[in-house]
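The residues making up each chain are set out below.
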Amino acid sequence: MKPDTDNIIVVKSKAFALKAIKLYRYLVDEKREYVLSRQFLRSATSIGANVKEAIRGQSNADFGAKMNIALKEASETEYWLELLQEGEYTTEKEEHILNDCRELIRILMSIVKTTFDK
């Protein structure tokens, strides 16, 4: 098994979670936004947690199921980020995190498709 530091989805999902924590702090401290930001934080940090569970899966089916959950969490995170952006809680400065989220979605879609096409 490859070390986690060699696994691109593990590395990217963890880095994304850390960015999400920083954005959450900004939203709460600076914008005084508590509802959307909490939902965003929950789903954003869940992506990496499910990825970590998946790579330790008991079977190929377990791996695929956990990666699919990570994909669903990434899609939910994208939704919260869009609401935060369209609600004018974030600016172009924070737009990079939405791009990062969409990159995670693409990677996870590829993993899920490859896993279930076998």
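You'll find the structure just up there.
A short tour of the structure in this document, coming up. Keep in mind the model is a prediction, meaning the values are calculated, not measured. (Residues numbered from 1 in each chain as written. Predicted model: local features only at pLDDT ≥ 70, side-chain atom pairs only at ≥ 80, totals over all residues. Heavy atoms only, no water.)

In this section: the environment of Leu84. The residue Leu84 is located in helix 3 (residues 60-86) in this model. With relative accessibility at 0%, the residue Leu84 sits in the buried group. In this structure the C-alpha to C-alpha distance between Leu84 and Lys12, which are 72 residues apart in sequence, comes to 22 Å. (Helix = DSSP H or I, 4+ residues; strand = E, 2+ residues; numbered from the N terminus. Buried < 20%, exposed > 50% of the residue type's maximum accessible area, 1.4 Å probe, protein only.)

What follows covers the layout of surface pockets. Of the volumes computed, that of the largest pocket is approximately 150 Å³. Along its surface, the largest pocket is lined by Lys19, Lys22, Leu23, Tyr26, Lys93, Glu94, His96 and Ile97. Taken together, the elements giving at least two residues each to the lining of the largest pocket come down to helix 1 (8-29) and helix 4 (95-116). Considering each element in turn, the lining of the largest pocket owes the most residues, four residues, to helix 1. Taken together, the residues of the lining of the largest pocket sort by class into three nonpolar, one polar and four charged. (1 Å grid on protein atoms, 1.4 Å probe; cavity = no way out; pocket = protein on both sides within 12 Å on 5 of 7 lines; lining within 4 Å. Points joined across faces, edges and corners; volume = space filled by probe spheres on them. Nonpolar A, V, L, I, M, F, W, Y, C, P; charged D, E, K, R; others polar.)

This part covers the pattern of salt bridges. Considering all chains together, one arrives at eight salt bridges under this definition. Across the pair Glu103 and Lys12 runs a salt bridge whose closest N-O atoms are separated by 3.1 Å. Residue Glu103 is found in helix 4, and its partner Lys12 is found in helix 1; the two are separated by 91 residues along the sequence. Through salt bridges with shared partners, a single ionic network connects Arg42, Glu73 and Glu76. (Salt bridge = Lys/Arg side-chain N within 4 Å of Asp/Glu carboxyl O.)

At their nearest, the axes of helix 1 and helix 4 sit 11 Å apart, and the two run at 150° to each other. In terms of orientation, helix 1 and helix 4 fall into the roughly antiparallel class. The interaxial crossing formed by helix 1 with helix 4 has left-handed handedness. Across the interface between the two elements, Ile9, Lys12, Ser13, Phe16, Lys19, Ala20 and Leu23 of helix 1 pack against His96, Ile97, Asp100, Cys101, Glu103, Leu104, Ile107, Leu108 and Ile111 of helix 4. Taken together, the residues of the contact of helix 1 with helix 4 sort by class into 10 nonpolar, two polar and four charged. (Axes fitted to C-alpha atoms, helices over the stretch in contact; angles between N-to-C directions. Parallel < 35°, antiparallel > 145°, perpendicular 65-115°, else oblique. Left-handed = near helix turned anticlockwise from the far one by under 90°. Contact = heavy atoms within 4.5 Å.)

Function cannot be inferred from these measures alone, as they are strictly geometric.
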